[in-house]
Amino acid sequence: MALLGSILEGSPMLALFMAIGLGYALGQIPVLGVTFGAGAVLFSGLAIGAIAPRAAPPGLVGTLGLLMFLYGTGIQYGAQCVAGLKGPGLRWILLALVAVVAALFAAQAVGGVLGLSPAIQAGMFAGAGTSTSALQAAITAAGGGPEPTIGYAVAYPIGVIGPILLMSFMLRLFHLQIPAPSPTLRHAEITVRPDAASRTVAEISASLPEGVTVLAMRHNHQNAPAEPGARLAAGDGLLIFGPPAAVDKAVVALGEEEEGRLAKDRADLDVVRVMISKPAFRGCTLATMPKPSFPVRVAQVRRGDSLMPAGPDLELEYGDVLVLLAEAGRRPDLVAHFGDSVKGNAELSFVSMGIGMALGLLVGLVTIPLPGSGSFSLGVAGGPLVVALFLGWRGSTFGIGWRMPVAANMVLRNFGLSIFLGQVAIASGRPFVDTVAAQGLAVLLGAALVLATIVLTVLLVGHLLLRIRIDDLFGVCSGATGNPAILAGANRMLGSDRADVGYAIVFPTMTIAKIIAVQLMLG
């Protein structure tokens, strides 16, 4: 063991990547049905730090990792977060904010009773809310000592497992019925009735419910793109696409649904899937993108795991998969036009990323005075997140595309988070062992109470007072507590991914709230 410690202390980078590798291996092991993923790097790093106290890489390494994580998070969720403010999202954010503020007071009250230092209280609060950015803010506010990391590490497992257990308990306690998931979009193939015929595609499109698009038509036993001026006859076929309820209304208005009416014949019109990987398409909308020299229709766009309608204002990104309707035999031409390279799914613009991160760090330096006395700043944890949320919402500015492919974003975030957790954990390994031996039970009890304050406030107030539907409420709870493993657990209970919407709206704003909260806690 002494030899291993000596080797690790002689090579801090070896220690860091050993912590990352071992942590991810541990993170695949389920605990009460929950896997910790990148969060398990915290535990492997603490173990290495206990063996080799001087093996920690410089603090700048961890800060860089956190910057990568937060910038990717903001870019990923910026558009959803801003869009959510126009609907029920503002109410969800206020509910989560009340829960986080209540947890802040609970951490201070419980910590005072148990005799925990303010720095450990701040770390305990951050760990119960699984907020690595709040941990960084606490470390900075505490002067760089290990105490916030110790409180965070003890509280973190409860912060991940606790919300899932409490959500499951709530389902049983109130005998809640989970709404059946519905498809977000669907196709329908229609045989047109005589009374709906003798109209052009443009006239029919104008009469359809909002969100329904006519993609293709079948006339004289041949499939063809739905050109606006084409005129339909009785018995012709139409392929439409849109929200399920709206498509159902369109079917009733136009004729009879006949599955396979168009799809079974691809002699003239084929369905081709291509991936956007050419720079010329970045930042373009479907209406303004470069078109091939032959007729083609974009039926839908797939971004990551999300399927989106092909509206003219949809802004394209690297890695988007287009589902196209085109003449049979045109696949090679479409591949040459759009690129269709898998490398596009991992493409990053280091120009936009460098400028965006620099702007975020500048915003983080701004000191904001508080009424009465004192001040706070968003710092390296909050500034990049705020700026990235704005840039992710904007999409592109002055010809610079800020967004990045989902796959590349996930790699950036997970790798950055692993680096940050590994660095701070190794640096805190030996103090962690000493403190847990003396105060571990007190911190564990405090973390449980803080976590219960967050989760129960969201679930009980949201269900009993605000009457938020349960799948949305679980998304709000997942966003307020933060860890993606909690969201995954909620989705497993619900049998759908509707909770993703609440998570995307609440998580970024609560991250900022927690950053400010720990700075106020440490004064």
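That block above? That's the structure.
Residues numbered from 1 in each chain as written. Predicted model: local features only at pLDDT ≥ 70, side-chain atom pairs only at ≥ 80, totals over all residues. Heavy atoms only, no water.

A. Main features of helix H13 (residues 379-394). With 16 residues, H13 ought to run about 22 Å at 1.5 Å a step, and its terminal C-alpha atoms sit 22 Å apart, in line with that. What H13 keeps buried is the set Gly379, Ala381, Gly382, Gly383, Pro384, Leu385, Val387, Ala388, Leu389, Leu391 and Gly392. Positive phi shows up at Gly395, right after H13, with a value of about 85 degrees. (Helix = DSSP H or I, 4+ residues; strand = E, 2+ residues; numbered from the N terminus. Expected span 1.5 Å × (residues − 1). Buried < 20%, exposed > 50% of the residue type's maximum accessible area, 1.4 Å probe, protein only.)

B. Spatial organisation of the packing of aromatic side chains. Summed over all chains, the structure comprises eight aromatic pairs. Note on Tyr152 and Tyr156: the rings are 5.6 Å apart at their centroids and 35 degrees apart in plane angle, and the pair reads as tilted. Here Tyr156 and Tyr152 lie together in helix H8 (residues 147-173), a separation of four residues that amounts to about one turn. According to the relative accessible area criterion, Tyr152 is buried, its value standing at 0%. Overall, the relative accessible area of 4% leaves Tyr156 in the buried class. Taken together, a centroid distance of 5.1 Å and an interplanar angle of 5 degrees make the contact between Tyr503 and Phe507 stacked. Here Tyr503 and its partner Phe507 are both found in helix H18 (residues 499-522), four residues apart, which amounts to about one turn of the helix. Given the relative accessible area of 3%, Tyr503 is considered buried. Counting every residue linked through ring pairs, the aromatic cluster contains Phe43, Tyr152 and Tyr156. (Phe/Tyr/Trp six-rings, centres within 6.5 Å; stacked < 30°, edge-to-face > 60°.)

C. Here's a closer look at unusual backbone geometry. You will see that Thr130, though not glycine, has its phi angle at about 45 degrees, which is positive. One can find Thr130 in the loop between helix H6 (118-128) and helix H7 (132-141). You can call Thr130 buried: its relative accessible area is 9%. One non-glycine residue with positive phi stands out, namely Asn220, at about 55 degrees. By secondary structure assignment, the location of Asn220 is in the loop between strand E2 (213-219) and strand E3 (222-225).

D. Up close: the sheet that holds E2. Within the open sheet, the five strands sit side by side as E3-E2-E4-E1-E5. Their pairing is antiparallel. This sheet does not close on itself; its edge strands, each paired only once, are E3 and strand E5 (255-257). Each strand of the sheet is rotated relative to its neighbour by a mean of 30 degrees, with strand direction disregarded. Note that E2 and E3 share four bridges and pair antiparallel. The residue of E3 that forms the bridge with His219 is Gln222. Helix-sheet contacts for helix H10 (residues 244-254) involve strand E1 (186-192), strand E4 (237-242) and E5, and the interaxial angle to E1 is about 5 degrees. (Pairing = 2+ DSSP bridges. Axes fitted to C-alpha atoms, helices over the stretch in contact; angles between N-to-C directions. Contact = heavy atoms within 4.5 Å.)

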